[in-house]
Each structure stands twice: as structure tokens, then as C-alpha cells.
Amino acid sequence: GGLSSFANAAAEEKKKRRMNESTVEKIVPPSNYFGFVVVPQQRAYVVERLGKYHKTLEADWYMLIPFVDKIAYAHSLKEQALIIESQAAITKDNVTVMIDGVLYLKITDPEKASYGVSDAIAAASALAQTTTRSEIGKMTLDKTFEERESLNRTIVHILNEAGEPWGIECLRYEIRDIIPPQSVRESMDQQAEAIRRKRVAISESEGMLQSDVNIAEGGKRALELKAEGEASAILMKAEATAKAVRMIAEAVDKDGGEEAIALRVAEQYLEAFGNIAKESTTMMLPSNAADPSSMVAQAMSMYREIVVKQKKNDKKLDDEEDDL
């Protein structure tokens, strides 16, 4: 009951779509030719003499013997489109589908098409239907959609093997529609929707992951640049300090150098105490804070010791180089 109604509904739908489609050209052999016959282009007439095959007439004009020669069969040599009716087929996983197609063929040997089978076109149509059902039964439902091209080639190969004695050649076969039952279509739609949602979720998660990676990479790069900047600033400051020290050392060797340094130390001493008084209400002062001259003398004494030590080291290095 369910399968029958399903098949009937599908058949009705196909009939509506088949109204303007090409059909096989049927040619009736001429009967009134009185010994003279003209064969049109892309046609072939099969002539019998006294009831036995005599010859095949192709496009041209011919003289025949009245009452002895007879045009028994007429064929079109054009490529023809044969509509394969919609039919029910059961897949390997026991799903009933409605399937139809179009078979493109042509008659290559009019003699075989006349005597090899009673109706070559009808035989090809029936063979196409049975072959389609047989091949569908070897596949699961999903494979019937995925391997449609392979199915078409298989049917063409089988039809050409069987059709050779019939004088016909199958050029190609095209499956038009494979229609599963409504319940199966709904399940397929749900499955496709689930796959789409899965892909969207995967894409979103991959996007979030890439975003986090980019943020982490950006933070890492920012820290690296900051560290490089700080290192560069420290290096520049150290170089500036070293340059200032060298300049001070050079200035000390000149006349009045020590007095200039002593004055500078005294200025920095007073400036430091002034800053301490601004920043805090409580100060820790040395016992001789009221005597800046003693602080400056102490700083200059330390400086001289450093200079003397540096000169001794320089002299020692010079002596070692002379010994070498």
C-alpha cells in the first residue's frame, strides 16, 4: 500500500515533466513506391527480396523490382533520446527509491536492428530499467547519490554489450532523479543540518582559538619590544654615564679641574638635601651636615684614591705590554 502510493505519486510527477521531452522517432516503411524509391538523409530502408533479406538502402535514390522487392523495415540513424520511465528500486540498505533517466542511443546496423530483435528500442529501454534496478541494489542510499557518474558508465557498458547483436549503440545514460521516501528525505535533511551546525561550531571554535593565539602572540611581542626598549635605554644611559665620566676624568687633569669637581660636588650635596626636605617631613642627617666643606673634602679624597688606583693599573698594563 505505502510503496504503491509512493510509486504512483512519483509517476504522476514524472508525467507532468515529460510532456515536452523528446521521444523515439517511429518511421513507417513506404508502401507505394512502384519500383522507384528515394531514401532521405539519416534514414535506412531494409529491402527483402522474396521474403529474404536483400540489402540496406541508405540516403539516395534506388530502383526496385515491383512485387519482388519489398521495403520491410525503415530506421532512423539519428541519435535518439529514450525516456526511461520512473521505477521503484531497492538499495543495498533496504531503502526504496524512485529512479528515472534518459538513454541516448542510435541504430548502427539496420539489418541487426530489424532481425536481431523484434523492437530494438523497446528492448534497450527494458534492459536499461532492469540494469538500473540491479546496479542500485548493489549500492547503499548514500552511494547512489555520490557515485551517479559511475552508475551511468556501468549501465552504458552493460547496454552496449547486450545491444551489439541488436545493431544499436548506447552513447550515454543519464540518471535524472533519485527520490527516496519522504521519511528518508526528512532524515537526510536533519543529518545535513546537523553537519552544517557542526561545521559552524568547528569554525567558530577555530576562530576563537586563532584569536587567543593572536592575542597571546601580540602580548608576547609587546613584552619583547618593551624589554628591548628598556635594555636599549639602559645601554644608552650607561654609555652616556661612561662618556660623562671620561669627560670628567679628562677635565681633572687640566688646570683647575679638581676645584671645578669640588664645586660640582658641593652643588649636588646641597641639591640632594633640598630634595630630601621637599619629599619628607622626617630626615636622617649625618653628624657633620652643617659642614659641607668636610663632606666635599671627603668625596674628593675618595675620588683621588680611585684616580691613583686607576693610574697604577694603567701603568701596570703598560709595563706588561713592554715586557711582551
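Residues numbered from 1 in each chain as written. Predicted model: local features only at pLDDT ≥ 70, side-chain atom pairs only at ≥ 80, totals over all residues. Heavy atoms only, no water.

Moving on: the nonpolar core. Grouped together as the largest cluster of nonpolar side chains are 31 residues, with contacts concentrated most on Val-97, Leu-103, Leu-159 and Tyr-173. Those elements that provide at least two residues to this core are strand E6 (80–90), strand E7 (96–107), helix H3 (120–136), helix H5 (148–163) and strand E8 (168–179). No other element matches H3, which puts seven residues into this core. When sequence neighbours within four positions are dropped, the list of residues in contact with Leu-159 reads Leu-103, Ala-124, Leu-127, Ala-128 and Cys-170. Within the second largest apolar cluster, ten residues are counted, among which are Val-37, Leu-57, Leu-64 and Ile-71. (Core = buried A, V, L, I, M, F, W, Y, C linked by side-chain atoms within 4.5 Å. Buried < 20%, exposed > 50% of the residue type's maximum accessible area, 1.4 Å probe, protein only. Helix = DSSP H or I, 4+ residues; strand = E, 2+ residues; numbered from the N terminus. Contact = heavy atoms within 4.5 Å.)

It is worth spelling out a negative patch on the surface at this point. A contiguous patch of negative charge on the surface is contributed by Asp-318, Glu-320, Asp-322 and Asp-323. Structurally, the position occupied by Asp-322 is in helix H8 (residues 292–323). Judged by relative accessible area, which is 62%, Asp-322 ranks as exposed. (Patch = residues over 30% accessible without salt bridge, like charges linked within 9 Å, V, L, I, M, F, W, Y side chains within 5 Å. Areas by Shrake-Rupley, 256 points an atom, 1.4 Å probe, with all protein chains shown as cover. Salt bridge = Lys/Arg side-chain N within 4 Å of Asp/Glu carboxyl O. Lys, Arg positive; Asp, Glu negative; His and termini not counted. Charge placed at Lys NZ, Arg CZ, Asp CG, Glu CD.)

Gaps left between atoms show up when a probe the size of a water molecule is rolled over them. Per the counting criterion, the structure on display carries one cavity of 30 Å³ or more. Computed from the structure, the largest cavity encloses a volume of approximately 50 Å³. Mapped onto the lining of the largest cavity, the elements with two or more residues apiece are E7, H3, H5 and E8. Examining the composition of the lining of the largest cavity, we find that three residues originate from one element, E8, more than from any other. Of the residues assigned to the lining of the largest cavity, the class counts are eight nonpolar, one polar and one charged. (1 Å grid on protein atoms, 1.4 Å probe; cavity = no way out; pocket = protein on both sides within 12 Å on 5 of 7 lines; lining within 4 Å. Points joined across faces, edges and corners; volume = space filled by probe spheres on them. Nonpolar A, V, L, I, M, F, W, Y, C, P; charged D, E, K, R; others polar.)

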